[in-house]
Amino acid sequence: MGVSFQESKYPVIDPKPGFKRVVNNFSRTDYQKMGLCAVVSLPFGYFAGTSRLPQMRMPSMYMAGFTGAVGGFCLAYQASGCRLMGILANDDEVRKSRI
């Protein structure tokens, strides 16, 4: 995780959180972001696969769903890391860490 050069608006819990710390800090909304991105991308992949070869519908849908899930993970990772570094609101994290 990178280091923020911005002035923190919220209490800093960890100025340089690692991968494990950021993933362990995922909240319910972070998991919802991942699921929503994956589910929204499934129909896009299905209809993109129907343009030329109908037998490519399902593989295209699965690949789009996987891509959406990875994109959702990236969004969740960014939000979780920003909460730990004090860039986003982090009331729950402060309460858990007792700062």
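Note that this is a predicted model, so its numbers are computed, not measured.

1. Some details on the packing of aromatic side chains
Phase 1 of the analysis: By the definition in use, this model includes six aromatic pairs.
Phase 2 of the analysis: Seen from their ring centres, Phe19 and Phe73 are 6.4 Å apart, and the 45° between their planes marks the pair as tilted. Remark: Phe73 occurs in helix H3 (residues 57-84) and Phe19 occurs in helix H1 (residues 19-24); sequence separation between them is 54 residues.
Phase 3 of the analysis: The interplanar angle of 85° and the centroid separation of 5.4 Å between the aromatic rings of Tyr46 and Phe47 together place this pair among those described as edge-to-face.
Phase 4 of the analysis: On the basis of relative accessibility, which here comes to 26%, the residue Tyr46 falls in the partly exposed class.

2. Regarding the nonpolar core
Phase 1 of the analysis: Ile13, Val22, Phe26, Met34, Ala76, Tyr77, Leu84 and Val94 together form the largest nonpolar core, which totals eight residues.
Phase 2 of the analysis: At three residues, the largest contribution of residues to this core is made by H3.
Phase 3 of the analysis: When neighbours within four sequence positions are excluded, Met34 is seen to be in contact with Phe26, Ala69, Gly72, Phe73 and Ala76.

3. Observations regarding helix H2 (residues 28-49)
Phase 1 of the analysis: For H2, which comprises 22 residues, the first-to-last C-alpha distance of 32 Å matches the rise-based estimate of 32 Å (1.5 Å per residue) to within 8%.
Phase 2 of the analysis: For H2, every residue scored as buried is listed here: Asp30, Met34, Ala38, Ser41, Gly45 and Gly49.
Phase 3 of the analysis: In this fold, the buried residues of H2 make contact with H3.

4. What to know about the environment of Ser60
Phase 1 of the analysis: Tracing the backbone through its elements, the reader meets Ser60 in helix H3.
Phase 2 of the analysis: Taking C-alpha positions, Ser60 is 9.6 Å from Pro43, a pair spaced 17 residues apart along the chain.
Phase 3 of the analysis: In this view, Ser60 contacts Gly45, Ala48 and Gly49; residues no more than four positions away in its chain are not counted.

So, how was this worked out
- Residues numbered from 1 in each chain as written.
- Predicted model: local features only at pLDDT ≥ 70, side-chain atom pairs only at ≥ 80, totals over all residues.
- Heavy atoms only, no water.
- Phe/Tyr/Trp six-rings, centres within 6.5 Å; stacked < 30°, edge-to-face > 60°.
- Helix = DSSP H or I, 4+ residues; strand = E, 2+ residues; numbered from the N terminus.
- Buried < 20%, exposed > 50% of the residue type's maximum accessible area, 1.4 Å probe, protein only.
- Core = buried A, V, L, I, M, F, W, Y, C linked by side-chain atoms within 4.5 Å.
- Contact = heavy atoms within 4.5 Å.
- Expected span 1.5 Å × (residues − 1).

Geometry only, nothing functional implied.
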